[in-house]
Amino acid sequence: MAIYSIAYDLFQPQEYQAFYECLEAFPHVHVMDSLWLIQANEEAGALRDRLMPLISGGDALFVSRVSQDWAGAGTQCGEWLNAPERHQALASRTTSA
């Protein structure tokens, strides 16, 4: 498993219930208004492809794998990221094309 950062700009948030439910289906932390961290077995492109049908045209979505080298301030994601069950997810590395 890996940890991914999911960032987005959605222009009609009240219409995105399925998008939020998909994010909530993963082990996650909602870091900021438009940023979640999730733990998943999929690659970034597969996560993007899963989420894209759940948002509207003109919306923006960014998916990025999180490494051990992260920093934050004013968020509550540190406790979630530092939990023992995430240490392996942050340490594991895979290569993708």
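Here, the structure is the one placed above.
A brief structural summary. (Residues numbered from 1 in each chain as written. Predicted model: local features only at pLDDT ≥ 70, side-chain atom pairs only at ≥ 80, totals over all residues. Heavy atoms only, no water.)

Looking now at the side chain of Q39. For Q39, the position within the fold is in strand β3 (residues 35-40). Separated by 2.7 Å, the side chains of Q39 and R86 make a polar contact. When residues no more than four places from it in sequence are discounted, the contact partners of Q39 are M1, A2, I3, F26, P27, W80, E85, R86 and A89. (Helix = DSSP H or I, 4+ residues; strand = E, 2+ residues; numbered from the N terminus. Polar contact = N/O pair within 3.5 Å; in protein donor to acceptor, adjacent residues only side chain to side chain. Contact = heavy atoms within 4.5 Å.)

Turning to the side chain of R86, a few remarks are in order. On the secondary structure map, R86 appears in helix α4 (residues 84-91). Polar side-chain contacts of R86 include one of 3.5 Å to the side chain of E85. Not counting chain neighbours up to four residues away, the residues in contact with R86 comprise I3, P27, Q39, W80 and L81.

Moving on to the nonpolar core. Within the largest apolar cluster, 19 residues are counted, with the highest numbers of intra-cluster contacts made by Y4, I6, Y8, F19, L23, I38 and L61. Of all the secondary structure elements, the ones that give two or more residues to this core are β1 (2-9), α1 (17-24), β3, α2 (44-51) and β4 (60-65). Here L23 is in contact with I6, Y8, H28, W36, I38 and L51, once residues within four sequence places are set aside. (Core = buried A, V, L, I, M, F, W, Y, C linked by side-chain atoms within 4.5 Å. Buried < 20%, exposed > 50% of the residue type's maximum accessible area, 1.4 Å probe, protein only.)

Our next topic: the packing of aromatic side chains. Counting across every chain of the model gives four aromatic pairs. Aromatic side chains F19 and Y20 sit 5.5 Å apart centroid to centroid with 70° between the ring planes, which places their arrangement in the edge-to-face category. Relative accessible area serves as the criterion here: at 0%, F19 is assigned to the buried category. A ring pair is formed by Y20 and W36, whose centres lie 6.5 Å apart and whose planes are at 25°; its orientation type is stacked. Note that Y20 is positioned in helix α1 and W36 in strand β3, a separation of 16 residues in sequence. Taking relative accessible area as the criterion, W36 reaches 3% and is therefore assigned buried. An aromatic cluster of three or more residues is present, and its members are Y8, F19, Y20 and W36. (Phe/Tyr/Trp six-rings, centres within 6.5 Å; stacked < 30°, edge-to-face > 60°.)

Moving on, we come to the sheet that holds strand β2 (residues 28-32). The four strands are arranged β2-β3-β1-β4 in an open sheet whose pairing can be described as antiparallel. Each having just a single partner strand, β2 and β4 make up the two edges of the open sheet. Pairwise comparison of adjacent strand axes, ignoring direction, gives a mean angle of 25° for this sheet. With six bridges joining them, β1 and β3 adopt antiparallel strand pairing. By the bridge assignment, S5 is partnered in β3 with L37. Strand contacts of α2: β1, β3 and β4, with the helix running at about 155° to β4, the strand carrying the most contacts. (Pairing = 2+ DSSP bridges. Axes fitted to C-alpha atoms, helices over the stretch in contact; angles between N-to-C directions.)

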